[in-house]
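Structural overview for review
Chain by chain, the residues:
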Amino acid sequence: MEYVTLFSFLLGFAFLAIISGRRNSRLPPGPFPFPIIGNLLHLSDKPNQSLATLAKRYGPLMTLKLGSKTTVVVSSPDIAKDFFQTHDHAFSSRSVPDSGRVVNHNKYSMVWLPVGDQWKRLRRISKERIFSEHCLDASELLRRKKVDQLIDHVNHCCTSEKAVNIGEIAFTTSLNVLSNLMFSMDMAQYESESSKEFKEAVWTVLEVAGKPNLADFFPILKPFDPQGLVRHGNVYGKKMLTIFDRIIDQRLQTRSSSSATTKTDVLDSLLNVSLNEESKFSRNDMRYLFYTLFVAGTDTTSSTLEWIMAELIKNPDKLKTARSEIIKLTKNNKKDIQEQDISQLTYLQAVIKETLRLHPPVPLLVPHQAIHDVEIQGFLVPKNTQILCNVWAMGRDPKVWSNPDSFIPERFLEVNIDYKGQDFQLIPFGSGRRICPGLNMAHRMLHIMLASLIQKFDWKLEGNMKAQDMDMNEKFGLTLQKNTPLKAIPLKL
Ligand code: HEM
């Protein structure tokens with residue numbers, strides 16, 4: 001009985017504390033939070049959609065309590081500009097989810113480090129050695145070769161009239177593009193069961209990171225890892241790190257043997273950086289950089305390609321227009337599309353922008369965190385507040401886009417809007433200091449993979465399903481996946 005009284009008293013106290021806190025605070029408006037759980041009941045299994053619905057009621061700058069975490073949700077281009085341009089530095093820290101503890105990568109990864117010396121060093125080194133236009137130009141042939149292998153695989157499926165799982169083949173291609181860039185080797189196969197280990201490890205780490213985790217809302221639970229997610233992620237995260245260690249050791253051995261021919265991949269380039277003590281870039285930094293790039297760069301690219309292909313199969317007239325543009329440029333398919341051709345493929349560019357508007361793979365961006373109190377639009381965003389930017393809602397806002405739910409690439413032929421972080425109505429890669437460093441690589445990859453898949457083949461859905469009946473629902477995880485994987489049969493043109 002005494003326990004019941006004490007519990008009721010505590011509950012009542014928490015309730016009153018929240019009411020008075022809310023009344024006095026200058027936080028942006030938001031739904032009323034329940035004691036302990038806050039606004040968790042306001043979220044469905046598709047938080048991007050629930051938050052979009054709430055923003056219609058409470059406005060584009062909204063506060064929620066996610067368990068014990070005060071969270072501000074941004075849902076309009078103007079306010080996103082305030083956050084990621086006007087006050088970019090103040091909001092450039094990260095709110096680290098519990099899955100960040102997997103193999104301790106919160107301590108070493110560019111994605112989770114606060115904006116300090118270590119983060120700056122990692123961004124600078126990866127720009128200089130991987131993502132600069134100069135490096136991307138130098139690795140162009142490698143990407144074309146991997147896309148040729150993708151097309152060979154699809155050709156094989158075409159001959160046997162076998163359906164292709166688009167997300168899966170795009171994942172394998174993205175993974176091999178990265179592994180060849182880093183280590184000059186393939187680390188995944190399209191069909192064979194061999195060399196499954198690495199692909200499975202990357203996939204599992206991604207899956208664990210995308211699962212809702214109670215410890216994110218109730219940090220008191222962190223030490224208990226109640227769903228076992230960090231334990232599970234650790235098994236596969238360690239596998240990835242062990243594979244990188246093996247590769248680094250082998251390379252060091254080869255480099256020390258005088259007969260060795262030097263490779264010109266990222267590993268070699270980073271080993272040179274790490275030999276320079278002034279660079280403060282250790283072997284450990286290197287293995288975590290590889291870890292980060294494989295996790296951040298594979299699923300994002302492949303799920304985008306899957307959504308693009310789904311939209312094109314659903315809208316055959318748009319597919320036809322995109323293909324005609326390619327056929328014209330390649331003088332009746334006499335040559336393959338190269339990355340230099342992308343700037344001339346304006347309709348293809350519009351198709352990709354339109355898909356990223358409707359299906360941004362990271363719909364709430366990666367959570368940011370306020371470094372200090374900031375006053376925005378007359379409200380206070382206190383230090384340590386978690387910031388979610390609902391780019392999914394911004395892409396479907398009728399105040400920003402006409403016919404927002406329809407797939408109309410043509411809208412991008414009329415206006416000069418790009419996703420490179422300056423046009424805040426379309427920021428699927430983020431904006432400001434924390435903008436995706438892989439943006440230009442993803443841009444090249446998406447265009448060349450897509451152009452090749454539609455230049456060479458027509459596509460129909462598996463099992464004679466009508467395109468109009470295709471399940472276009474979303475599944476929320478680390479990336480916004482298609483609920484039902486897209487399986488389509490390639491047909492010779
Ligand atoms: C961060 C999107 C591909 C590496 C991000 C962020 C987004 C994003 C939204 C967070 C931005 C923010 O916090 O404001 C995408 C999309 C991609 C893609 C849509 C493909 C369609 C890639 C690729 C790589 C990569 C190919 C590397 C190979 C990273 C890294 C970060 C990041 C390392 C963390 C940056 C930091 O926190 O400083 N990406 N990304 N991404 N992305 Fe990408």
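Residues numbered from 1 in each chain as written. Predicted model: local features only at pLDDT ≥ 70, side-chain atom pairs only at ≥ 80, totals over all residues. Heavy atoms only, no water.

Taking an unreviewed UniProt entry as the reference, the chain is identified by name as Cytochrome P450 belonging to Mikania micrantha. Its UniProt record gives the chain a comment under Cofactor (unreviewed entry), which states: "heme". (UniProt positions renumbered as here; feature names shortened; annotations may be inferred.)

Between the first and last C-alpha of helix H16 (residues 346-358) there are 19 Å, a value that for 13 residues agrees with the 18 Å anticipated at 1.5 Å per step. Within H16, 12 of the 13 residues are buried, which leaves the element mostly enclosed by the surrounding structure. All of the buried residues along H16 are Tyr347, Leu348, Gln349, Ala350, Val351, Ile352, Lys353, Glu354, Thr355, Leu356, Arg357 and Leu358. Contact partners of the buried residues in H16: helix H14 (299-314), helix H15 (316-329), helix H17 (391-395), helix H18 (411-414), helix H19 (439-456) and strand E10 (474-476). (Helix = DSSP H or I, 4+ residues; strand = E, 2+ residues; numbered from the N terminus. Expected span 1.5 Å × (residues − 1). Buried < 20%, exposed > 50% of the residue type's maximum accessible area, 1.4 Å probe, protein only. Contact = heavy atoms within 4.5 Å.)

Our next topic: the coordination of the iron atom of the ligand. For the iron atom of the ligand, the protein supplies a single donor, Cys436 (SG), at a distance of 2.3 Å. Here Cys436 is to be found in the loop between H18 and H19. (Donors = N, O, S within 2.8 Å, 3.2 Å for Na, K, Ca; no water.)

Time to look at the sheet that holds strand E1 (residues 61-66). Judged by pairing direction, the sheet is mixed, and its 5 strands sit side by side in the order E1-E2-E8-E5-E3 without closing on themselves. Across the chains shown, the open sheet's two edge strands, defined by having one partner strand only, are E1 and strand E3 (93-94). Relative to strand E2 (residues 69-74), E1 runs antiparallel, the two being bridged by 6 bridges. Paired with Leu64 across the bridge in E2 is Thr71. The strands touched by helix H2 (residues 47-58) are E1, E2 and strand E8 (386-389); relative to E1, the strand with the most contacts, the crossing angle is about 125°. Across the sheet, helix H3 (residues 77-86) is in contact with E1, E2, strand E5 (368-369) and E8; its angle to E2 comes to roughly 120°. (Pairing = 2+ DSSP bridges. Axes fitted to C-alpha atoms, helices over the stretch in contact; angles between N-to-C directions.)

Right, let's talk about the environment of Leu241 for a bit. Mapped onto the fold, Leu241 is located in helix H11 (residues 229-256). In this structure, the C-alpha to C-alpha distance between Leu241 and Lys492, residues 251 residues apart in sequence, is 42 Å. If we skip the residues at most four places from it in the chain, Leu241 touches Val103, Arg287, Tyr288 and Tyr291.

The contact between helix H12 (residues 266-275) and helix H13 (residues 283-297) brings their axes to 10 Å, and the two run at 150°. The angle between the axes of H12 and H13 places the two elements in the roughly antiparallel class. Considering only the axes of H12 and H13, their crossing is right-handed. Where H12 abuts H13, its residues Val266, Leu267, Leu270, Leu271 and Ser274 lie against Met286, Leu289 and Phe290. Looking at side-chain class alone, the contact of H12 with H13 contains 7 nonpolar, 1 polar and no charged residues. (Parallel < 35°, antiparallel > 145°, perpendicular 65-115°, else oblique. Left-handed = near helix turned anticlockwise from the far one by under 90°. Nonpolar A, V, L, I, M, F, W, Y, C, P; charged D, E, K, R; others polar.)

We now examine the packing of helix H8 (residues 166-183) against H13. Direction vectors running N to C along H8 and H13 enclose 155°, while the axes themselves pass 10 Å from each other. With respect to their mutual orientation, H8 and H13 come out roughly antiparallel. Taken as a pair, H8 and H13 cross one another with a handedness that is right-handed. Mapping the contact onto sequence places Ser174, Leu175, Leu178, Ser179, Met182 and Phe183 in H8 and Phe290, Leu293, Phe294 and Gly297 in H13. Partitioning the contact of H8 with H13 into residue classes produces 7 nonpolar, 3 polar and no charged.

Glancing now at the site of the ligand. With respect to spatial proximity, 27 residues lie near the ligand, and among them Arg94, Trp119, His368, Arg434 and Cys436 are the closest. Within the side chain of Trp119, an N or O atom sits 2.8 Å from an oxygen atom of the ligand. Note that an oxygen atom of the ligand is positioned 2.8 Å from one of the side-chain N or O atoms of His368. Counting only elements with at least two residues in the shell around the ligand, the list comes to helix H5 (117-131), H13 and H14. Counting residues per element, the shell around the ligand draws most heavily on H13, at 4 residues. Class assignment of the residues belonging to the shell around the ligand gives a composition of 16 nonpolar, 8 polar and 3 charged. (Near = heavy atom within 4 Å. Polar contact = N/O pair within 3.5 Å; in protein donor to acceptor, adjacent residues only side chain to side chain.)

If you check UniProt for "binding site: heme" (unreviewed entry), the listed places come out as Cys436 in our numbering. Overall, the relative accessible area of 29% leaves Cys436 in the partly exposed class. Here Cys436 is in contact with Arg123 and Phe429, once residues within four sequence places are set aside.

An α-helical segment advances 3.6 residues per turn. Residues three or four places apart therefore align on the same side. Of all the residues in H3, the buried ones are Pro77, Ile79, Ala80, Phe83 and Phe84. Buried residues of H3, viewed axially, fall in a sector of 160°; they line one side. In H3, the exposed residues that point more than 90 degrees away from the buried face are Asp78 and Thr86. (Arc of directions from axis to C-beta.)

Relative to the elements of secondary structure, Pro35 occurs in the loop between helix H1 (2-24) and H2. Judged by relative accessible area, which is 16%, Pro35 ranks as buried. On a C-alpha basis, the gap between Pro35 and Gly67 in space is 8.7 Å, while along the polypeptide they are 32 residues apart.

Moving on, we get to the sheet that holds strand E9 (residues 457-461). Strand order across the open sheet formed by 3 strands is E4-E12-E9, with antiparallel pairing between neighbours. Of all strands in the sheet, those bounded by a partner on one side alone are strand E4 (164-165) and E9.

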